[in-house]
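The residues making up each chain are set out below.
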Amino acid sequence: QVQLVESGGGLVQAGGSLRLSCAASGSGFSLNAMGWHRRAPGKQRELVATITNGGYTNYADSVKDRFTISRDNAKNTVYLQMNSLKPEDTAVYYCKAEAWAVATGRSDYWGQGTQVTVSS
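The model shown is predicted, which means the values in this text are computed figures rather than measured ones. (Residues numbered from 1 in each chain as written. Predicted model: local features only at pLDDT ≥ 70, side-chain atom pairs only at ≥ 80, totals over all residues. Heavy atoms only, no water.)

S.K.: Please give an account of the pairing of strand E7 (residues 67-72) that cites residues and values.
M.R.: Burial along E7 is one-sided: Phe67, Ile69 and Arg71 are buried, while Thr68, Ser70 and Asp72, pointing the other way, are not. As judged from the six bridges shared by E7 and strand E8 (residues 77-82), these two strands associate in the antiparallel manner. Its bridge partner lying in E8, serine 70 is registered against tyrosine 79. Joining the antiparallel neighbours E7 and E8 is a turn of four residues, in which asparagine 76 adopts a positive phi near 50°. (Buried < 20%, exposed > 50% of the residue type's maximum accessible area, 1.4 Å probe, protein only. Helix = DSSP H or I, 4+ residues; strand = E, 2+ residues; numbered from the N terminus. Pairing = 2+ DSSP bridges.)

S.K.: Before we move on, can you summarise the pairing of strand E4 (residues 29-39) with the specific residues and values?
M.R.: Alignment of E4 against strand E9 (residues 91-101), held across nine bridges, turns out to be antiparallel. The residue of E9 that forms the bridge with histidine 37 is tyrosine 94. Where E4 hands over to strand E5 (residues 46-51), the hairpin turn is made up of six residues, of which glycine 42 adopts a positive phi near 75°.

S.K.: Describe the sheet that holds E8, naming the residues involved and giving the relevant values.
M.R.: Across the sheet, which stays open at both edges, the four strands sit in the order E1-E3-E8-E7 with antiparallel pairing between neighbours. With one partner strand each, in any of the chains shown, strand E1 (2-7) and E7 form the two edges of the open sheet. The mean angle between the axes of side-by-side strands here comes to 15°, regardless of whether they run parallel or antiparallel. Note: strand E3 (residues 18-26) against E8, six bridges, orientation antiparallel. Bridging across to E8, leucine 18 finds its partner in methionine 82. (Axes fitted to C-alpha atoms, helices over the stretch in contact; angles between N-to-C directions.)

Encoded structure:
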């Protein structure tokens with residue numbers, strides 16, 4: 001009942017910025033916490049940032065002070081503003097949403113991922 005569509009990934013030079021968006025669509029659901037995860041080649045999936053329905057945020061130490069997560073509840077959209085990008089930020093970024101749906105109850109939903117590549 002919930003579909004997540006990410007956008008905003010791409011190729012950027014080190015020091016540049018990207019803004020990722022993740023829009024949730026469907027019917028019969030309510031969003032709770034949302035967040036971004038990433039998986040770099042040869043590394044475990046890493047939690048990047050989360051934001052609660054009330055706007056409380058949490059960041060991985062590696063991105064703190066560079067990335068900013070935000071959400072627009074009216075649009076069912078979460079954003080990740082990424083500044084001062086580093087080559088080590090290169091990864092596939094996945095949007096995750098915790099949602100309650102009429103058909104399934106509380107479930108986690110994932111987007112397909114968007115590639116972020118930071119060149120040195």
